[in-house]
Amino acid sequence: MVYATVSGAPFVPTRNRNVVKMIELANLTGVEKVIDLGSGEGRIVFAAAPYCEQSVGVEINPFLYWISRLRQMRANRKNSLFIRDSLWKINLAPYDVVFIYFIPHRMQKLAEKIKKEMKPGSRIVSHAFVFSDWSIERKDGSIYVYVV
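Residues numbered from 1 in each chain as written. Predicted model: local features only at pLDDT ≥ 70, side-chain atom pairs only at ≥ 80, totals over all residues. Heavy atoms only, no water.

**A short note on helix α4 (residues 62-75)**
The criterion, for reference: In this description a helix means any DSSP run of H or I spanning at least four residues, a strand means any run of E spanning at least two, and both kinds are numbered starting from the N terminus. Each residue after the first adds 1.5 Å to the expected span of a helix. Each residue gets one of three labels from its accessible area relative to the maximum for its type: buried under 20%, exposed over 50%, partly exposed in between, using a 1.4 Å probe on protein chains only. This arc corresponds to the set of directions leading from the helix axis out to the C-beta atoms. Any two residues having at least one pair of non-hydrogen atoms within 4.5 Å are treated as being in contact.
Between the first and last C-alpha of α4 there are 20 Å, a value that for 14 residues agrees with the 20 Å anticipated at 1.5 Å per step. Listed as buried for α4 are L64, Y65, S68 and Q72. Down the axis of α4, the sector holding all buried residues measures 105°, keeping them to one side. α4 presents L70 and R74 as exposed residues on the side facing more than 90 degrees away from its buried surface. Close packing links the buried residues of α4 with α3 (43-48), β2 (54-59) and β3 (80-84). With its phi angle positive at about 55°, N76 sits one or two positions after the end of α4.

**Some remarks on the nonpolar core**
Inclusion rule: The term nonpolar core refers to a set of buried residues drawn from Ala, Val, Leu, Ile, Met, Phe, Trp, Tyr and Cys, joined through side-chain atoms within 4.5 Å.
I35, L37, I100, L110, I114, I124 and F131 are the most contacted members of the largest nonpolar core, which totals 22 residues. Of all the elements in the fold, those that place two or more residues in this core are β1 (33-37), β2, β4 (97-100), α5 (107-117) and β7 (143-147). Ranked by residues supplied to this core, first place goes to α5 with four residues. Grouped together as the second largest cluster of nonpolar side chains are 15 residues, I23, L25, V97 and I143 included.

**Regarding the sheet that holds β1**
Quick note on the threshold: By definition, two strands form a pair when at least two bridges between them are found by DSSP. Think of each axis as a best-fit line through the C-alpha atoms, taken over the contacting stretch in the case of a helix, with angles from 0 to 180 degrees between the N-to-C directions.
Here we have seven strands laid out as an open sheet, ordered β3-β2-β1-β4-β5-β7-β6, and mixed in their pairing. Of all strands in the sheet, those bounded by a partner on one side alone are β3 and β6 (138-140). Averaged over all pairs of adjacent strands, the angle between strand axes in this sheet comes to 15°, irrespective of strand direction.

Below is the structure:
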């Protein structure tokens, strides 16, 4: 648990009203694959699942990962998947949409990973933090949408 907090970011859950905004702004279609980097207890993954083909969460914190898995089993969500790993080890190429509530000092490194791995037209939905050198496609309050 300590390793997860030190190596990743502290767990700060996204408020439900912001989760709703993020899903709306993503304009998900039923055939897309989405991923939440730093998925916490899975609230964005579960909220996105009805609107896409597959909804994936990546969480390094073992406690939060197991909470997500238990919620998934209880809800019997077939198109939701949770991976316990560092987001830096995940290949983003298969995904159409990335959800993030990240930390400011790692945004540039994440931007480089996204540009390298994701296909053109993919969307990034960020809560609270911006990519300083990217143009914002859509915005609602503290939610920003970018297109690769």
